[in-house]
Amino acid sequence: MDAKALWQRYQDWLYFHEGLGLYLDISRMRFDNAFVESLQSKFEKAFADMVALEKGAIANPDENRMVGHYWLRNPDLAPTPELTQEIVQTLEQIETFADQVHTGAIHPPKESCFTDVISIGIGGSALGPQFVAEALAPDSPPLNIHFIDNTDPAGIDRVLSHINNLATTLVLVISKSGGTPEPRNGMIEVKKAYAAKNLDFAKYAVAITSADSNLDKVAQSEGWLTTVPMYDWVGGRTSEMSSVGLVPAALQGIDIRAMLDGAKEMDDATRISNLKNNPAALLALAWYFSGNGKGEKDMVVLPYKDSLLLFSRYLQQLVMESLGKEQDLDGKTVYQGIAVYGNKGSTDQHAYVQQLREGVPNFFATLIEVLEDRQTPSPEIDPGVTAGDYLSGFLLGTRQALYENNRDSITVTIPQVNARTVGALIALYERAVGLYASLVNINAYHQPGVEAGKKAAATILDLQKRVVEVLQKEKKALSIAEIADKAGSPEQVEAIYKILRHLHANHRGVVFTGDLSKPASLTVSLG
Ligand SMILES: O=P(O)(O)OC[C@H]1O[C@H](O)[C@H](O)[C@@H](O)[C@@H]1O
């Protein structure tokens, strides 16, 4: 296509949202009109599915749940007045709580105010809060946030070592289910750290969880500062605008109403059942085209703005946990998904963009452009040229270079990184994922694969218990095969070897004798 035709194609497909100042450009995806036509009926169904979902249909059939994250930013849409009221009340509770923490009305024992907050959570209970903190936290927030998002002991130590004073640190334990092992472990370790300093953990702790979850029960029985509810009709990966995301954001002084407003405006725009006027539908179209409706190409997300660094990581869960499914809604094996990765431009141009430009063409790029360089005037780097001009130049250059080498790209442009545009970006991708899921006929709202991994981990921990019991009982050195037999799990011999090696490495009393390079030669005892 020559330059003039491309310019025309750009204008033909350009989407602009006036209220948000957001542009979406899918002109550099090489679909043609016949392809768009071919998806018409699928889109009609996707729009209809979305209407039903927003009205409270059981859009997550496997878990028998409604899917209501869109109601969070427009509570009047909730299917019952009770739900509407619940959403409004929780939002007020969050604002009042954050306000009381900021003014010192809620304060730690013996101190006038909280200075820091540890947020303990994983998956959807970490990624949204982390992305938003990185994108929007002011330079001097009322509370500095620290995240524990794993059960890595060294990681927990590192977070705790970065906190000056636990006596002025609030703790959020965020878990929708209230039963996920990693945040539970983090919570127990942090609780012990408070106890070691003679601090009464309950006076510092806040639970964000579903009613009657294990976490809720712990918080109630120990008399934590407060509990903020989370709902079963909000999925973890779409929970940034629920208490999960709003509590940490509000504590950092981020304008949560503006985030909700931006999301609401985007929800309104992506509810339009006309492909060309609906940016989420345009994204879904582009994804479908690129990956042949089968995720054949990866989504590389490159925001050219440091504060959006964690957007790709956030999208990884939203897109891959939603779309990565073995079966479709009819039970047919389909192995769906779209792989997502990326960090930021132009940094990544000095890393893997070489492969994007010249290597295996198994991706499409999404460039996120922010029009405003910074809020103050920029100095000149070269005559008439600023650092921001370079950044913009690198983005445009990469887009062009990719296109010239037959690599497609999407460009999303926002005027500024602020609470409204971040809310809008989240809402845009949430809806695009929902629509795409309908196009490819999968349930975007469950995660059966994750459950399988959790069960397997629990089996290993049970095995560890039995192995240690064998060693305690036998009181003599045994081979790993003998231990496996005595534990009643001969088929798990390799897992048992790995469990023992881990215990050995951590000085847990397991003694290895023999050749470490030949596991079968080892004898094991308790020292
Ligand atoms: O908030 P939680 O219930 O602790 O869940 C945390 C995360 O872990 C689960 O395993 C799911 O795969 C995620 O969708 C979820 O966000």
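Residues numbered from 1 in each chain as written. Predicted model: local features only at pLDDT ≥ 70, side-chain atom pairs only at ≥ 80, totals over all residues. Heavy atoms only, no water.

Asker: Can you lay out a nonpolar patch on the surface for me, pointing to particular residues and giving the numbers?
Answerer: Together, Ile 381, Tyr 390 and Phe 394 give the surface a local cluster of nonpolar side chains, amounting to about 270 Å² of exposed area. You can see Tyr 390 is positioned in helix α14 (residues 387-404). The class for Tyr 390 is partly exposed, based on a relative accessible area of 36%. (Patch = residues over 30% accessible without salt bridge, like charges linked within 9 Å, V, L, I, M, F, W, Y side chains within 5 Å. Areas by Shrake-Rupley, 256 points an atom, 1.4 Å probe, with all protein chains shown as cover. Salt bridge = Lys/Arg side-chain N within 4 Å of Asp/Glu carboxyl O. Helix = DSSP H or I, 4+ residues; strand = E, 2+ residues; numbered from the N terminus. Buried < 20%, exposed > 50% of the residue type's maximum accessible area, 1.4 Å probe, protein only.)

Asker: Kindly report on the site of the ligand, identifying the contributing residues and their values.
Answerer: In the vicinity of the ligand, 15 residues are found, and the nearest of them are Ser 125, Ser 175, Ser 177, Thr 180 and Glu 321. Backbone polar atom of Gly 124 to an oxygen atom of the ligand: 2.8 Å apart, as the coordinates give it. With respect to the ligand, the side chain of Ser 177 contributes an N or O atom lying 2.7 Å from an oxygen atom. Burial of the ligand by the surrounding chains reaches 90%, relative to a free accessible area of 390 Å². When contributions to the shell around the ligand are tallied by element, the ones reaching two or more residues are α12 (311-323) and α16 (448-474). Taken together, the residues of the shell around the ligand break down into 2 nonpolar, 9 polar and 4 charged. (Near = heavy atom within 4 Å. Polar contact = N/O pair within 3.5 Å; in protein donor to acceptor, adjacent residues only side chain to side chain. Nonpolar A, V, L, I, M, F, W, Y, C, P; charged D, E, K, R; others polar.)

Asker: Mind laying out the pattern of salt bridges, listing which residues take part and the relevant values?
Answerer: One pass over the structure, following the stated rule, counts 22 salt bridges. The residue Glu 265 makes a salt bridge to Arg 420 at a minimum N-O spacing of 2.4 Å. Of the two residues, Glu 265 sits in helix α10 (residues 256-270) while Arg 420 sits in helix α15 (residues 419-439), which places them 155 residues apart along the sequence. According to the relative accessible area criterion, Glu 265 is partly exposed, its value standing at 24%. By relative accessible area, Arg 420 is classed as partly exposed at 29%. Among the salt bridges present, the one from Lys 344 reaches Asp 306, with a minimum N-O distance of 3.1 Å. Here the residue Lys 344 occupies a position in the loop between β9 (340-341) and α13 (353-358), and Asp 306 occupies one in the loop between β8 (298-303) and α12, the gap between them amounting to 38 residues. What emerges from the salt-bridge pattern is a single network uniting Glu 54, Lys 264, Asp 268, Arg 271 and Arg 431.

Asker: Pulling in residues and values, what's your account of unusual backbone geometry?
Answerer: Here the residue pair Gly 345 and Ser 346 is connected by a cis peptide bond, since its omega of 0 degrees sits within 30 degrees of zero. Mapped onto the fold, Ser 346 is located in the loop between β9 and α13. At Asn 198, a position not held by glycine, the phi torsion is positive, near 60 degrees. Tracing the backbone shows Asn 198 in the loop between α7 (181-196) and β6 (205-210). Phi is positive for Asn 292, which is not a glycine, with a value near 60 degrees. On the secondary structure map, Asn 292 appears in the loop between α11 (279-291) and β8.

Asker: An account of the nonpolar core is requested, with residue identities and associated values reported.
Answerer: Ranked by internal contacts, the top residues of the largest apolar core, which has 136 residues, are Ile 26, Phe 131, Trp 224, Leu 285, Trp 287, Ile 410 and Tyr 429. In terms of residue count, the dominant contributor to this core is α15 (14 residues). Not counting residues within four places of it along the chain, the set of residues in contact with Trp 224 comprises Val 173, Met 187, Phe 201, Ala 202, Ala 205, Val 206, Ala 207, Leu 215, Val 218 and Ala 219. Core analysis: the next-biggest nonpolar cluster, separate from the first, contains 19 residues, Val 470, Ala 484, Ala 487 and Leu 500 among them. (Core = buried A, V, L, I, M, F, W, Y, C linked by side-chain atoms within 4.5 Å. Contact = heavy atoms within 4.5 Å.)

Asker: Just give me the short version of the packing of aromatic side chains, but keep the residues and values in it.
Answerer: Considering all chains together, one arrives at 21 aromatic pairs under this definition. Consider the rings of Trp 13 and Phe 31, whose centres lie 4.8 Å apart with planes at 90 degrees: the pair is edge-to-face. On the criterion of sequence distance, the pair formed by Trp 13 in helix α1 (residues 3-13) and Phe 31 in the loop between β2 (22-25) and α2 (33-38) is long-range, its members being 18 residues apart. Classification of Phe 31 as buried rests on a relative accessible area of 2%. Centroid distance Phe 31 to Phe 289: 6.0 Å. Interplanar angle 75 degrees. Geometry classified as edge-to-face. Note that Phe 31 is positioned in the loop between β2 and α2 and Phe 289 in helix α11, a separation of 258 residues in sequence. For Phe 289, a relative accessible area of 24% translates into the label partly exposed. (Phe/Tyr/Trp six-rings, centres within 6.5 Å; stacked < 30°, edge-to-face > 60°.)

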